[in-house]
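Analysis of the macromolecular model
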Amino acid sequence: VPPRSPSSGAIPSISARLATPRIVLRAARTTDVPELRRIHRKNADHLRPWSPAHAKGEDPTSLTAISNMVARYRQQWKRGEAFVLLVTLRTGGEPIIGRVSLGGILRGVFQNAHLGYWIDADHQRRGLMTEAVDVALAFAFGMADLHRVQAAVMPNNPGSLRLLEKVGFRREGFAERYLEIAGTWQDHAIFAMTREEWKPRTDVTV
Ligand SMILES: CC(C)(COP(=O)(O)OP(=O)(O)OC[C@H]1O[C@@H](n2cnc3c(N)ncnc32)[C@H](O)[C@@H]1OP(=O)(O)O)[C@@H](O)C(=O)NCCC(=O)NCCS
């Protein structure tokens, strides 16, 4: 493991494409708005138990909300605050099937990101998100030059717990009332991986 300067802060190109034989991960673009709106609408019930509640009367899948979300992702990327990667299938048209995010990035002595992910309900249980998280880790420890990626999972989310275990995360502990999810301060199991622990499991083409 090469030593890193504590002030390093790589910002990968926003046009980066990270591919495996099955999927491509890339930043969101303005032209994705209609497709993102469809997939968010379709998966509203699937994602609600694991997402922040939205304010009464506010539609998080409105054209304005989705456009603002994409603009925010691109701005955060360029500032090195968060790298949000859309997961697309490597078939005709590369349809969007999910998202992996490396958010809340702090540099300095921490070099850490918070991992988040979801996949379209119809594409679950095919190992696709395990593969996407593998790619996101290669991106985090490679192009983004981070040292640590952490994740928080509610104990009643067996798929997410299993995914982190498969990808090689280490359980660090249990945080009570950690995140406000679906309107309630929920307990979470805390996981992390540092660069020293990372074992590339998937070949990624950039
Ligand atoms: C959690 C989630 C991302 C898993 O995505 P996925 O593409 O289905 O995951 P994978 O197919 O790569 O499966 C990973 C492992 O978890 C297991 N798994 C997936 N869903 C499961 C479930 N509901 N119950 C038990 N195990 C499950 C898989 O079998 C696999 O383990 P295995 O190889 O030992 O069989 C997906 O269900 C999702 O988007 N859920 C809603 C959003 C969410 O919970 N995000 C994470 C918040 S922390």
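All chains use their own residue numbering, which begins from 1 and follows the written sequence. In view of the model being predicted, local features appear only for residues whose pLDDT reaches at least 70, and side-chain atom pairs are presented and counted only at 80 or more, with totals across whole chains, interfaces and linings using the full set of residues. Working from all heavy atoms in the structure, the side-chain values ignore hydrogens and water.

1. Focus on helix α4 (residues 128–141)
Strands are runs of DSSP state E lasting at least 2 residues, helices are runs of H or I lasting at least 4, and numbering of each runs from the N terminus. Expected span of a helix: the number of residues minus one, times 1.5 Å. Given a rise of 1.5 Å per residue, 14 residues ought to cover 20 Å, and the 20 Å separating the end C-alpha atoms of α4 matches this to within 8%. When you tally the buried positions in α4, you get 14 out of 14 residues, the bulk of the element. The buried label applies to any residue whose accessible area, calculated with a 1.4 Å probe on protein chains only, is under 20% of its type's maximum; exposed applies above 50%, and partly exposed to all values in between.

2. Some thoughts on the nonpolar core
Counting 38 residues, the largest nonpolar core has L25, L115 and F169 as its most contacted members. Going through the elements one at a time, β2 (23–26), β3 (83–89), β4 (96–106), β5 (112–119), α4, β6 (148–153), α5 (158–167) and β8 (184–194) are the ones with two or more residues in this core. Sort the elements by how many residues they give to this core and α4 lands first, with 10 residues. Setting aside residues up to four positions removed in sequence, L115 forms contacts with V100, S101, L102, V133, V149, Q150, A151, L164 and F169. Joining through side-chain atoms within 4.5 Å is the link that ties buried Ala, Val, Leu, Ile, Met, Phe, Trp, Tyr and Cys residues into a set, and such a set is a nonpolar core. Counting 13 residues, the second-largest nonpolar core is a separate cluster that includes L36, I39, I96 and W118. Whether two residues are in contact is decided by their heavy atoms, any of which lying within 4.5 Å being enough.

3. What about unusual backbone geometry?
Unlike most non-glycine residues, E94 shows phi in positive territory, near 45 degrees. Tracing the backbone through its elements, the reader meets E94 in the loop between β3 and β4. Its relative accessible area of 23% is what places E94 among the partly exposed residues.

4. A few points about the packing of helix α1 (residues 33–42) against helix α3 (residues 63–79)
Note on method: axes are straight lines fitted to C-alpha atoms, helices fitted across the in-contact stretch only, with angles between N-to-C directions ranging 0 to 180 degrees. It is the contact of α1 with α3, at a shortest axis distance of 9 Å, that shows an interaxial angle of 115 degrees. With respect to their mutual orientation, α1 and α3 come out roughly perpendicular. The two elements α1 and α3 meet at a crossing, and its hand is right-handed. Packed against α1, whose contacting residues are V33, L36, R37 and H40, the element α3 presents L63, I66, S67, M69 and V70 at the interface. Grouping the constituent residues of the contact of α1 with α3 by class yields 6 nonpolar, 2 polar and 1 charged. Roughly parallel covers angles under 35 degrees, roughly antiparallel covers those over 145, roughly perpendicular covers 65 to 115, and oblique covers all other angles. Should the near helix be turned counterclockwise from the far one by less than a right angle, the crossing is left-handed, whereas a clockwise turn marks it as right-handed. The nonpolar class holds Ala, Val, Leu, Ile, Met, Phe, Trp, Tyr, Cys and Pro. Asp, Glu, Lys and Arg form the charged class, and all remaining residues, Gly among them, are polar.

5. Details of the packing of aromatic side chains
What counts as a ring pair is set by centres within 6.5 Å for rings of Phe, Tyr and Trp (its six-membered ring), and what kind of pair is set by the plane angle: stacked under 30 degrees, edge-to-face over 60, tilted for all other angles. Taken as a whole, this structure holds 4 aromatic pairs when the rule is applied. Relative to F83, the ring of W77 has its centre 5.0 Å away and its plane inclined at 70 degrees; by these criteria the two rings are edge-to-face. Considered together, W77 and F83 belong to a single accessibility category, that of buried residues. Between F141 and W198 the ring centres are 5.7 Å apart and the planes differ by 45 degrees, which places this aromatic pair in the tilted class. Taken together, the residues span a long stretch of sequence, with F141 in helix α4 and W198 in the segment after β8 at a distance of 57 residues. A relative accessible area of 24% means that W198 is categorised as partly exposed.

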